[in-house]
Amino acid sequence: AQSVTQLGSHVSVSEGALVLLRCNYSSSVPPYLFWYVQYPNQGLQLLLKYTSAATLVKGINGFEAEFKKSETSFHLTKPSAHMSDAAEYFCAVSGSNQGGKLIFGQGTELSVKP
Amino acid sequence: ETGVTQTPRHLVMGMTNKKSLKCEQHLGHNAMYWYKQSAKKPLELMFVYSLEERVENNSVPSRFSPECPNSSHLFLHLHTLQPEDSALYLCASSQDGAVGKLFFGSGTQLSVL
């Protein structure tokens, strides 16, 4: 069985500050892990994914995430927040043989203050 | 606009109505999905179609009926829905083998009165 927990349903940062969105997972098989972003009135868009290669994964828009097996975590970071980063972010887990059958977390809404 | 198009964008229906949601993908993918997004809840996978497999989530009520006539089109037929079915319904597509790389449409915001 697999599950994802995102700590904090809402995170607020100032423009230029560090963004840290937390995700912990549970998986009985080696996990594939993902971060998706949803801008207002749009569908979800893949930010980055971990598929058992490098543990530090770089994605679009300056985001990156680090897979830490010992902590069962896959936190998303960005060194400097931009106003356009305001959106909802979803962490998701899948097994290698499960195609698009992703298990999503409940989402974290990121607000960026000027 | 992404390569996955959903219509209508908004739908209001009564509990006795029958309506259908439509999804079309122009990406050449061979798998399509329906997800339900409710406020403050994780996205819920409802149905999956691929050339090889159709997967139904057993917890999806029978008042939701999917149809996939070909690899580019996916429908979700709705009948006798309940107010708690009000949600954003998202369609996605992927290419088998591209694990977890889904392309989503903008969704249909459904309100059941």
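For the structure itself, look to the data block above.
From a predicted model like this one, the values you see are computed outputs, not experimental measurements. (Residues numbered from 1 in each chain as written. Chains lettered and ligands numbered in written order. Predicted model: local features only at pLDDT ≥ 70, side-chain atom pairs only at ≥ 80, totals over all residues. Heavy atoms only, no water.)

Draft legend 1. Highlighting the sheet that holds strand 1 (residues 4-7) of chain B. Residues and elements named next belong to chain B. Taken together, the four strands give an open sheet; going across it, the order is 1-3-8-7, and neighbouring strands pair in antiparallel fashion. Each edge of the sheet is formed by a strand with only one pairing partner; in this case those strands are strand 1 and strand 7 (64-70). Here the strands of the sheet are splayed against their neighbours by 20° on average, with no regard to which way each runs. (Pairing = 2+ DSSP bridges. Helix = DSSP H or I, 4+ residues; strand = E, 2+ residues; numbered from the N terminus. Axes fitted to C-alpha atoms, helices over the stretch in contact; angles between N-to-C directions.)

Draft legend 2. Representation of the state of the cysteines in the model. According to the stated counting rule, one finds two disulfides over all chains in the structure shown. The disulfide bridge from A:Cys23 ends at A:Cys91, spanning 1.9 Å between sulfur atoms. Linking A:Cys23 and A:Cys91, the disulfide has an S-S dihedral of approximately -65° and is accordingly described as left-handed. Taken together, the residues span a long stretch of sequence, with A:Cys23 in strand 3 (residues 19-27) and A:Cys91 in strand 9 (residues 87-95) at a distance of 68 residues. Disulfide pairing places B:Cys23 opposite B:Cys91 at an S-S distance of 1.9 Å. The S-S bond linking B:Cys23 to B:Cys91 shows a torsion near -75°; that makes this disulfide left-handed. Taken together, the residues span a long stretch of sequence, with B:Cys23 in strand 3 (residues 18-25) and B:Cys91 in strand 9 (residues 87-94) at a distance of 68 residues. Note on B:Cys23: relative accessible area 0%, which makes it buried. For B:Cys91, a relative accessible area of 0% corresponds to the buried category. The closest cysteine sulfur to the non-disulfide-bonded B:Cys68 is located on B:Cys91, 9.0 Å from its own sulfur. With a relative accessible area of 24%, B:Cys68 lands in the partly exposed category. (Disulfide = S-S within 2.5 Å. Buried < 20%, exposed > 50% of the residue type's maximum accessible area, 1.4 Å probe, protein only.)

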